[in-house]
Amino acid sequence: MENKQELTVQVKEILIDVLNLEQTPDQIDSNQPLFGTEDTPGLFDDSLAVLEVTSVLMAEFDADASIFNEESFQTVNSLSACIYEANQALIAE
């Protein structure tokens, strides 16, 4: 398993691919909200995007859907941390 920083870059690359973003991983702030507000735009524009991203993340990281929750989808960092912690728990078993 790669380190947390490498995993975060990988998650950003998946977000870029799935959401067709015109950005590089370096251009995405790891603390940027995934869901926007009136004042701050997020990366997701609709709930379908969540399903698409979740599906790719599950396949890429061999993750179970149950690891994801509302807190997972706050920011890129929270999403990466969720995957990292789930993989660390599997390693520990």
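Here's what I pulled together on the structure shown here. Along each chain, numbering runs from 1 in the same order as the chain's sequence is written. Selection of residues for local features in this predicted model requires a pLDDT of at least 70, selection of side-chain atom pairs for listing and counting requires 80 or more, and totals for whole chains, interfaces and linings are taken over all residues. The basis for every side-chain value is the complete set of heavy atoms in the structure, and neither hydrogens nor water enter the calculation.

Any pair of aromatic rings gets described here by the distance separating the centres and the angle formed by the planes. For this analysis, a ring pair means two rings from Phe, Tyr or Trp (six-membered ring only for Trp) whose centres lie within 6.5 Å, classed as stacked if their planes differ by under 30 degrees, edge-to-face if by over 60, and tilted for the remaining angles. This structure, assessed with the given rule, holds 3 aromatic pairs. With 6.1 Å between their ring centres and 45° between their planes, Phe 44 and Phe 73 make a pair best called tilted. Residue Phe 44 is located in the loop between α1 (4–19) and α2 (47–61), and its partner Phe 73 is located in the loop between α2 and α3 (76–92); the two are separated by 29 residues in the primary sequence. Taken individually, Phe 44 and Phe 73 each receive the classification buried, so the pair is uniform in this respect. In DSSP terms, a helix is any run of H or I states spanning at least four residues, a strand is any run of E spanning at least two, and both are numbered starting from the N terminus. Exposure is judged per residue with a 1.4 Å probe applied to protein chains only, and the accessible area is read against the type maximum: over 50% gives exposed, under 20% gives buried, and values in between give partly exposed.

Taking 1.5 Å per residue, 17 residues should reach 24 Å; α3 reaches 24 Å between its end C-alpha atoms and fits that length. Taken as a whole, α3 has its buried residues at Val 76, Ser 78, Leu 79, Ser 80, Ala 81, Cys 82, Ile 83, Ala 86 and Asn 87. The contact criterion used is simple: two residues touch if any of their non-hydrogen atoms lie within 4.5 Å. Contacts from the buried residues of α3 go to α1 and α2. Multiplying 1.5 Å by the helix residue count minus one yields the expected span of that helix.

Tracing the backbone through its elements, the reader meets Thr 75 in the loop between α2 and α3. The class of Thr 75 is buried, set by a relative accessible area of 16%. Within the structure, Thr 75 has its side chain in polar contact with the backbone nitrogen of Asn 77 (distance 3.3 Å). Setting aside its immediate chain neighbours within four residues, Thr 75 contacts Ser 30, Asn 31, Gln 32, Pro 33 and Leu 34. Residues adjacent in sequence count toward polar contacts only when both atoms are side-chain atoms; beyond that, a polar contact is any pair of N or O atoms within 3.5 Å, and within protein one must be able to donate a hydrogen and the other to accept it.

In short, geometric facts, not functional conclusions.
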